[in-house]
Amino acid sequence: MKTPHRLIEPARILLPDERVDLSRWAVLACDQFTSQPDYWQRVEEIVGTAPSCLDLILPEVWLDQPDVGVRIDSIHRAMDAARREVLTRSVEGFLYLRRTTASGVREGLVAAVDLEQYSYAPGAAPLIRPTERTVTERIPPRLAVRRGASLECPHILMLADDPENTLLGPLAAAVAEQPPLYDTPLMLGGGSIAGWAITDPVLIEGAIRAVEGFAARTGPNGAPPIALAVGDGNHSLATAKAWWEEIKQGLSPAEAATHPARYCLVEIENIHDPAIQFEPIHRALFGTDADTLLDAMTRFFAAQGMVLHRGGAAEGQQFTLLTGESARPCTLSGSRWPLCVGSIEAFLADWLASHSEVRVDYIHGEDALRELAAQGAVGLLLPPFQKSDLFLGVYLGGVLPKKTFSMGHAEEKRYYLECRAIT
C-alpha cells in the first residue's frame, strides 16, 4: 500500500542551550496528577526561576481555575521568549531516545507525524489511529493553549506494532558508540533520559520506510491497516488536529503541504518493548459516597440485564470500590461490554448526566487512587489491561472506551524536553 504523503517526517527539533539545567527544564506531561495540585506545586519549587518547560505548558490541574486565561497568555509570551533566548540548539532530523524508569530502559524515536494521516472522527480508520474514544468536549480548553502558541512541546507517545524491531533497532545500532546529545535525570521519580541526534539521510529514510511498512499490513480479517497508534496524549493529538483544520482553511494547497502546523512532534515506541508496561486508568468520584454509588450501579446494571455482585465471588468483570475505610471487591456478570472499563464508563455516562454535584477524575496509579480515597473520594480500582490486546482491540472494535489504559505509572509518562516551532 502506498500513501500519498509520508507518515513521519524529520523535523527541526529545538533544544535548550547547553548551560540550561535539563533536570529542571524537563517536566512531566500536563495531564498527570490532575487531582493532586501538590505535585505541581513541588514542581514549581524545584524549578524556581530556572528556564523550564513548566513555563510553556498548562498543567491540567489548573484548567478550571479562574486565572486560566492569564496563564495561557503567560505561556504564549514564555514560548516567544524561549525561542529567542533558550532554545539555541537544534537537530534537523530525528532523535533516538533511551528512557530509564522503574520498569526498565525503553527506546523511542522523536519525529513529526502528518496530521492529514490521522483522524479522531467516529468510524474513521486512518493510518495514524486513536486507540480510545476522543471526548470532543475536552478539546476546546486545550485548543485555547494551542491557538497563539509558537511552539509545541510533545508529550504524545505513539506505538508501533513492530515485533522485529525494524524501526528502532537500526537506530540503536547506529548510535551504539556515540555519546548522547543530552543525558539528564528527571525530577520527582521520572528516572532519566538520554537522546541522540539522527541526521544521517540513510537512517532517516530507513525509519520512514519502516513506518510505511507498518502501513502496508492489513489487520485481522482484512481490517484497514494501522501504522501508528496513540499510546498517550490522545487529546493532545486531537487538539493539534483541530488546530490544523482551522489553520488550513486559509491556506492554498501549496501552503498547506508544508505548513508546520500540519505536523505534530511525537515520540514513537515499540509496543513489544519489555520496558513498556500498561496500567489501567482508575476512576475517582468526588461528591458522593460508596453506598449511594453502589446502589446506583446495581440499578443501572440490572436494567441492562447484568448483575453486580458485592463481594466479588462470582465470575465476570472484577473491580474494587475504595474508600478511606474499606476496599470492597465487586464483580459484574453478564456484561454487554467486553471490558470492565467499558461497563464502568457506560454507567458513569448515564449516572453523571443527572448528578451534576458529582465529579469524576481519571487517575494514573493505584497509590494515587488510594491517596484520594483516603481524602474522601470514592475510588473505582479497575483490573489490569493487557498490552497484547491493544492493537487487536482497535482493529476489531474501532476504539477502546475512553481512558482505558496508561503506559506505565504516572511518573513514567513522557517529560517535555524537546520543542518544535509551529508558526
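Residues numbered from 1 in each chain as written. Predicted model: local features only at pLDDT ≥ 70, side-chain atom pairs only at ≥ 80, totals over all residues. Heavy atoms only, no water.

**Q** How should I be thinking about the packing of helix H4 (residues 139-146) against helix H7 (residues 234-248) in this particular structure?
**A** Each pair of packed helices can be described by the angle between their axes along with the distance between the axes. The geometry of H4 relative to H7 is characterised by a closest axis approach of 9 Å and an angle of 65° between their N-to-C directions. Like other packed secondary-structure pairs, H4 and H7 cross with a definite hand, here right-handed. Contacts between H4 and H7 involve Ile139, Arg142, Leu143 and Arg146 on the former and, on the latter, His235, Ala238, Thr239, Ala240, Ala242, Trp243 and Glu246. Residues of the contact of H4 with H7, tallied by class, amount to six nonpolar, two polar and three charged. (Axes fitted to C-alpha atoms, helices over the stretch in contact; angles between N-to-C directions. Helix = DSSP H or I, 4+ residues; strand = E, 2+ residues; numbered from the N terminus. Left-handed = near helix turned anticlockwise from the far one by under 90°. Contact = heavy atoms within 4.5 Å. Nonpolar A, V, L, I, M, F, W, Y, C, P; charged D, E, K, R; others polar.)

**Q** Would you take a moment to explain the environment of serine 90 for this structure?
**A** Note on placement: serine 90 falls in strand E4 (residues 89-101). Sequence-wise, serine 90 and threonine 292 are 202 residues apart; in three dimensions their C-alpha atoms are separated by 55 Å. Sequence-distant contacts of serine 90, defined by excluding residues within four places in its chain, comprise Arg12, Ile13 and Leu14.

**Q** Would you take a moment to explain the nonpolar core for this structure?
**A** As a rule of thumb, nonpolar side chains are buried together in soluble globular proteins. Ranked by size, the top nonpolar core spans 53 residues in total, and within it Trp25, Val27, Trp40 and Leu56 carry the most contacts. Top element by residues in this core is helix H3 (residues 68-85). It accounts for five residues. If we skip the residues at most four places from it in the chain, tryptophan 25 touches Pro16, Val20, Pro51, Ser52, Cys53, Leu56, Val86, Leu87, Tyr416, Leu417 and Cys419. Ala210, Leu228, Ala256 and Ile268 belong to the second largest nonpolar core, which has 46 residues in total. (Core = buried A, V, L, I, M, F, W, Y, C linked by side-chain atoms within 4.5 Å. Buried < 20%, exposed > 50% of the residue type's maximum accessible area, 1.4 Å probe, protein only.)

**Q** Which parts of the structure should I look at to understand the side chain of lysine 413?
**A** With respect to the secondary-structure elements, lysine 413 resides in the loop between strand E19 (405-407) and strand E20 (415-416). For lysine 413, a relative accessible area of 1% translates into the label buried. A polar side-chain atom of lysine 413 sits 2.9 Å from a polar atom in the side chain of aspartate 232. If we skip the residues at most four places from it in the chain, lysine 413 touches Leu28, Ala29, Gln32, Arg99, Arg106, Asp232, His364, Ser406, Met407 and Gly408. (Polar contact = N/O pair within 3.5 Å; in protein donor to acceptor, adjacent residues only side chain to side chain.)

**Q** Help me out: how do you make sense of the pairing of strand E8 (residues 157-160) in this one?
**A** Both faces of the sheet carry side chains from a regular strand, because those side chains alternate between them. Residues of E8 alternate between two faces, with Leu157 and Leu159 on one and Met158 and Ala160 on the opposite face, all of them buried. Relative to strand E11 (residues 228-232), E8 is paired through three bridges, and the arrangement is antiparallel. Across the sheet, the residue bridging to leucine 157 is aspartate 232, located in E11. Two elements, E8 and strand E12 (residues 263-270), share four bridges in a ladder whose sense is parallel. (Pairing = 2+ DSSP bridges.)

**Q** What am I meant to see in the state of the cysteines here?
**A** What is meant by a disulfide is a covalent connection between two cysteines, made through their sulfur atoms. One pass over the full model with this rule turns up zero disulfides. Cysteine 53 takes part in no disulfide bond, and the closest cysteine sulfur to it belongs to cysteine 153, at a distance of 4.5 Å. For cysteine 53, a relative accessible area of 0% gives the class buried. Cysteine 330 forms no disulfide, and the closest cysteine sulfur to it belongs to cysteine 340, at a distance of 9.5 Å. (Disulfide = S-S within 2.5 Å.)

**Q** Any chance you could explain the pattern of salt bridges here in plain terms?
**A** Note that side chains of opposite charge can pair when their charged atoms are close. Counted according to the given criterion, the structure contains 25 salt bridges. Residues glutamate 205 and arginine 6 are paired through a salt bridge, measuring 2.9 Å at the closest nitrogen-oxygen approach. Of this pair, glutamate 205 sits in helix H6 (residues 201-215) while arginine 6 sits in the segment before strand E1 (8-9), and the two are 199 residues apart along the sequence. A relative accessible area of 32% places glutamate 205 in the partly exposed class. As a salt-bridge pair, arginine 71 and aspartate 67 come within 3.4 Å of each other at their nearest N and O atoms. The exposure class assigned to arginine 71 is partly exposed, which follows from its relative accessible area of 27%. Since its relative accessible area comes to 32%, aspartate 67 is described here as partly exposed. (Salt bridge = Lys/Arg side-chain N within 4 Å of Asp/Glu carboxyl O.)

**Q** What's the story with the side chain of threonine 239 in this structure? I'm lost.
**A** Considering the arrangement of structural elements, one finds threonine 239 in helix H7. Owing to a relative accessible area of 4%, threonine 239 belongs among the buried residues under this scheme.

**Q** Help me out: how do you make sense of H6 in this one?
**A** Spanning 15 residues, H6 covers 21 Å between terminal C-alpha atoms, matching the ideal 21 Å at 1.5 Å per step. Among the residues making up H6, those that are buried are Ile204, Ala207, Ile208, Ala210, Val211, Phe214 and Ala215. Burial along H6 is one-sided: seen end-on, the buried residues are contained in an arc of 160°. Exposed side chains of H6 directed beyond 90 degrees from the buried face belong to Pro201, Val202 and Arg209. Check the buried side of H6 and you find it contacts E1, E4, strand E5 (104-114), E8, strand E10 (192-198) and E11. (Expected span 1.5 Å × (residues − 1). Arc of directions from axis to C-beta.)

**Q** Whenever I open this one, the packing of aromatic side chains confuses me. Can you help?
**A** Each aromatic ring pair is summarised here by two numbers: the centre-to-centre distance and the angle between the ring planes. In total, this model carries 12 aromatic pairs according to the counting rule given. Between phenylalanine 278 and phenylalanine 405 the ring centres are 4.8 Å apart and the planes differ by 5°, which places this aromatic pair in the stacked class. One end of the pair, phenylalanine 278, is in strand E13 (residues 278-286); the other, phenylalanine 405, is in strand E19, with 127 residues separating them in the sequence. Using a relative accessible area of 1% as the deciding quantity, one classes phenylalanine 405 as buried. Between phenylalanine 300 and tryptophan 337, the aromatic rings sit 6.5 Å apart at their centres with planes inclined by 15°, giving stacked as the arrangement. In this pair, phenylalanine 300 sits in helix H9 (residues 290-303) while tryptophan 337 sits in the loop between strand E16 (327-333) and helix H10 (340-352), placing the two residues 37 residues apart along the sequence. (Phe/Tyr/Trp six-rings, centres within 6.5 Å; stacked < 30°, edge-to-face > 60°.)

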